[in-house]
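Each chain is listed here by its residues.
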Amino acid sequence: MADFKVVGVIGAGQMGSGIAQLAAVSGSDVFLLDKDAGALHTAKASISNSIQRFVSKGQLSKEVGIKAVARVNYTSNLEDLRSADIVIEAIVESEDVKKKLFAELDKIVKASAILASNTSSISITRLATATKRPQQVIGMHFMNPPPVMKLVEIIRGADTSDETFNATKTLAERFGKTVVCSRDYSGFIVNRILMPMINEAFHALYTGVATKEDIDAGMKLGTNQPMGPLELADFIGLDVCLSILKVLHAGLGDSKYAPCPLLVQYVDAGRVGRKQGIGVYSYHKSAKQSARL
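Residues numbered from 1 in each chain as written. Predicted model: local features only at pLDDT ≥ 70, side-chain atom pairs only at ≥ 80, totals over all residues. Heavy atoms only, no water.

Participant: Residue-level account of the UniProt feature "binding site: CoA" (unreviewed entry) in the chain, with values.
Facilitator: Residues annotated in UniProt with the feature "binding site: CoA" (unreviewed entry) correspond here to Ser50, Lys57 and Ser120. A maximum C-alpha distance of 30.5 Å is found for the annotated residues, which run over 71 residues; spatially they are spread out rather than grouped. When you line up the elements, Ser50 lands in helix α2 (residues 37-56). Following the sequence through the fold, Lys57 ends up in the loop between α2 and α3 (62-71). (UniProt positions renumbered as here; feature names shortened; annotations may be inferred. Helix = DSSP H or I, 4+ residues; strand = E, 2+ residues; numbered from the N terminus.)

Participant: Before we move on, could you go through the sheet that holds strand β7 (residues 151-156) and cite the residues and values that matter?
Facilitator: Read from one edge to the other, the open sheet built from eight strands follows the order β3-β2-β1-β4-β5-β6-β7-β8, with strand pairing classed as mixed. Here the strands that pair on one side only, and so sit at the sheet edges, are β3 (72-75) and β8 (178-182). On average, each strand axis in the sheet is tilted by 25 degrees relative to the strand beside it, whichever way the strands run. Against the sheet, helix α4 (residues 95-108) makes contact with β1 (6-10), β4 (86-89), β5 (114-117) and β6 (137-142), and its axis sits at roughly 165 degrees relative to β5, the strand it touches most. (Pairing = 2+ DSSP bridges. Axes fitted to C-alpha atoms, helices over the stretch in contact; angles between N-to-C directions. Contact = heavy atoms within 4.5 Å.)

Participant: Break down the packing of helix α7 (residues 190-206) against helix α8 (residues 212-223) for me, with residues and values.
Facilitator: Across the interface, α7 lies against α8 with an axial gap of 9 Å and an inter-helix angle of 140 degrees. Relative to α8, the element α7 lies oblique. Between α7 and α8 lies a crossing whose hand is right-handed. Contact with α7, carried on its side by Met197, Ala201, Ala204 and Leu205, involves Lys212, Ile215 and Met219 of α8 and no other residues of that element. Looking at the contact of α7 with α8 residue by residue, the classes come out as six nonpolar, no polar and one charged. (Parallel < 35°, antiparallel > 145°, perpendicular 65-115°, else oblique. Left-handed = near helix turned anticlockwise from the far one by under 90°. Nonpolar A, V, L, I, M, F, W, Y, C, P; charged D, E, K, R; others polar.)

Now the structure itself:
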């Protein structure tokens, strides 16, 4: 199992395509699955371009880059994951949707395969209940973008075996990542700390403490962060931030995790960040933001 000759990745968005790239560069054959043919087409171009950038910077040899691109197979058929040694899902941050997927995978993949979730907040123990292999279910939370960010957060569910944990940690290290381990509590380590900061930045904007530009500049220059919290929220996706805060609020029962009304309003308005072209900031050159938001 620890050899991971075949890696399945589900979800061809930025996270999934980045994870697929890491697996291919590390020497595994990869099946990247998405029901959306357009997403697969975009992921194929993105992976190829990303690998080429690493080659042009001298961070990968041309030979390794060519082989990595060739190792990624693009599919919309779950049956193609039968040979996978591990399947890493990077789909929408919804417990119900993830459970449904894990239940389907449990019937398809081989008995020895690990089912891993890139969830940033949802209980691994609860996801594992959708399968008949809870000892082989684990959290493998990559940071965005996966090929660049050095951290992988590994989360053990209540029944995750030592063998599964050790094999998954070995794989993350083969990807060149540093591993931190979290117990299975809402938000784990990174988002339990990060999301309240982002939420508080929204409260500061909501209550008129400062402009969005000054809030972000203050945090960047005052705490040496590469992005301000509002800019980072746009990068992550305001809808994703809102989902994580709801999980934190429900799972930990503390009012400090209750989402800021302004964040909720932005998501309701469809202003979910960079991927939509508008969030806290506008990413359309000629777009005029609503004065009400």
